Amino acid sequence: DKNLENAEEAAEQFKLIQAAYDVLSDPQERAWYDTHREALLKGGVDGDYQDDSLDLLRYFTVSCYSGYGDDEKGFFTVYRQVFEKIAKEEMEYMMQEDTEEFPMFGYSQSDYDTVVHPFYAYWQSFCTQKNFAWKEEYDTRQASNRWEKRAMEKENKKTRDKARKERNELVRQLVAFIRKRDKRVQAHRKLVEEQNAEKTRKAEEFRRQQKLKQAKLAEQYKEQSWITMSDLERELQEMEAQYEKEFGDGSDDEGELEEQETKGIEDKLNDETEEAEFVDGLYCPACDKLLKTEKAMKNHEKSKKHREMVALLRQQLEEEEGKFPASLDDANEIHTKEEEETEDMPKTKLSKKQRKKQKTMM
């Protein structure tokens, strides 16, 4: 009604507005439109859409630039413009609140730490913001049921992810290709190698100085020790000479010392012999027991156990004499001694345990 002179065109525009309103007022239709907006604006989703992204394959050759200057065909100008275009394309697919700054390529004289390093650090791990909806093969609006729609969405997602991955790999490979030929990177690598070599040289020099210092200290220490030993030896000789001058050469004293040492050794041997004899006198052969003192020996001889063992030993000897008779004199002597030892000893009957022990000893 406001375009009476052009009523037909106005009617067509109104139809488009009405159709757009119908789409945007439906949540499902609007979600689909938001996903495919780029494809719709650039030709639709019927397969005729042509991606207008920058073709990066023609920049994988040295023929795309001439020299390493900042002129129009130079290395740095060409690739600076390439990444400016890539960043511009990415900005179209980013929301206003997600807008970020893309590090740029810089110039031939750009600083490495502030320009070159941040650029390669970002673009070597580049991830595109494009959704690649125009790569989808199926229109989910044509699905007859929700299972068919889910299958279509799954296949479309695989297609989009594949296209996104290919784009990321292509950009990263281009960055690697450029970095390998970037004179700024080469100069920085050479500088780092020189600095590392200088550090290594200084470290080697420091180690060498330390070794020389330690060797010098060792030599000084040995020389001082030798001088000290010589002084001590000279002082000892002077003291010996002074002693001999005042008290003689000390040969008589040495003889007396030897005699005293010899006498001490003999006395010690005699004491050991007496001690051995004393020990033999405190041994009880019947009980196979060694007593420490004479008093302990007397008390042991009065004990009931000792008397039983003597009786047992006497019985064993009598049985052995019966098997192996000795001479008459020896027998009388043994009999006499046994009578003397057992005058006060009462005759006791052997217990079962003692008889068992007797058999075991036999």
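All of these numbers come straight from a predicted model, not from anything done at the bench.

*Asks:* Whenever I open this one, the environment of asparagine 156 confuses me. Can you help?
*Replies:* Relative to the elements of secondary structure, asparagine 156 occurs in helix 6 (residues 146–181). A C-alpha to C-alpha distance of 6.3 Å links asparagine 156 and glutamate 137, two positions 19 residues apart in sequence. If sequence neighbours within four positions are ignored, asparagine 156 has contacts with Glu136, Glu137, Tyr138 and Thr140.

*Asks:* Teacher, can you tell me more about the pattern of salt bridges here?
*Replies:* Any two side chains of opposite charge can pair if their charged atoms end up close together. Overall, the coordinates contain nine salt bridges when judged by the stated rule. In this structure, lysine 157 and aspartate 161 form a salt bridge, with 2.9 Å as the shortest nitrogen-oxygen distance. Of this pair, lysine 157 and aspartate 161 both sit in helix 6, four residues apart, which is roughly one turn of that helix. Notably, a salt bridge pairs arginine 184 with aspartate 182, separated by 2.9 Å at the nearest N-O pair. Judged by its relative accessible area of 8%, arginine 184 is buried. One continuous salt-bridge network, built from bridges that share partners, spans Glu89, Lys130 and Arg167.

*Asks:* Which parts of the structure should I look at to understand the nonpolar core?
*Replies:* The nonpolar side chains of a soluble globular protein tend to be buried with one another. Counting residues in each nonpolar core, the largest one holds 29 residues, and the members touching the most others are Tyr79, Trp123 and Ile178. Among the secondary structure elements, those contributing two or more residues to this core are helix 4 (75–92), helix 5 (112–123) and helix 6. In terms of residue count, the dominant contributor to this core is helix 4 (eight residues). By size, the runner-up hydrophobic cluster in this structure holds eight residues, among which are Cys284, Ala286, Leu291 and Met309.

*Asks:* Looking at this structure, how should I read the side chain of threonine 77?
*Replies:* Within the secondary structure layout, threonine 77 lies in helix 4. If we ignore the near neighbours within four places in the chain, the residues touching threonine 77 are Gly69, Asp70, Asp71 and Glu72.

*Asks:* I keep staring at the packing of aromatic side chains and nothing clicks. Help me out?
*Replies:* For any two aromatic rings, the description comes down to two numbers: the centre-to-centre distance and the angle of the planes. Taken as a whole, this structure holds 21 aromatic pairs when the rule is applied. With 5.8 Å between their ring centres and 85° between their planes, phenylalanine 102 and tyrosine 122 make a pair best called edge-to-face. On the criterion of sequence distance, the pair formed by phenylalanine 102 in the loop between helix 4 and helix 5 and tyrosine 122 in helix 5 is long-range, its members being 20 residues apart. Phenylalanine 102 sits in the buried class, given a relative accessible area of 11%. The aromatic ring of tryptophan 147 is capped on one face by arginine 146, whose charged end is 4.9 Å from the ring centroid. Positioned above the aromatic ring of tyrosine 120 is the side chain of arginine 179, whose terminal nitrogen or guanidinium carbon lies 5.7 Å from the ring centre.

*Asks:* Any chance you could explain the packing of helix 5 against helix 6 here in plain terms?
*Replies:* To characterise two packed helices, one gives the angle between the axes of the helices and the distance between these axes. Axis separation between helix 5 and helix 6 bottoms out at 9 Å; the angle between their running directions is 145°. Contact residues: helix 5 offers Tyr112, Tyr120 and Trp123, while helix 6 offers Val171, Arg172, Val175, Ile178 and Arg179.

*Asks:* It is not clear to me how a positive patch on the surface should be interpreted in this structure. Could you clarify?
*Replies:* On the surface, Lys289, Lys305, Lys353 and Lys357 cluster together into a positively charged patch. Among the structural elements, lysine 305 can be located in helix 10 (residues 304–323). Looking at lysine 305, the relative accessible area reads 62%, which means it is exposed.

Definitions and limits used
- Residues numbered from 1 in each chain as written.
- Predicted model: local features only at pLDDT ≥ 70, side-chain atom pairs only at ≥ 80, totals over all residues.
- Heavy atoms only, no water.
- Helix = DSSP H or I, 4+ residues; strand = E, 2+ residues; numbered from the N terminus.
- Contact = heavy atoms within 4.5 Å.
- Salt bridge = Lys/Arg side-chain N within 4 Å of Asp/Glu carboxyl O.
- Buried < 20%, exposed > 50% of the residue type's maximum accessible area, 1.4 Å probe, protein only.
- Core = buried A, V, L, I, M, F, W, Y, C linked by side-chain atoms within 4.5 Å.
- Phe/Tyr/Trp six-rings, centres within 6.5 Å; stacked < 30°, edge-to-face > 60°.
- Lys NZ or Arg CZ within 6 Å of the ring centre and 35° of its normal.
- Axes fitted to C-alpha atoms, helices over the stretch in contact; angles between N-to-C directions.
- Patch = residues over 30% accessible without salt bridge, like charges linked within 9 Å, V, L, I, M, F, W, Y side chains within 5 Å.
- Areas by Shrake-Rupley, 256 points an atom, 1.4 Å probe, with all protein chains shown as cover.
- Lys, Arg positive; Asp, Glu negative; His and termini not counted.
- Charge placed at Lys NZ, Arg CZ, Asp CG, Glu CD.

Without other data, these values stay purely geometric and don't point to any function.
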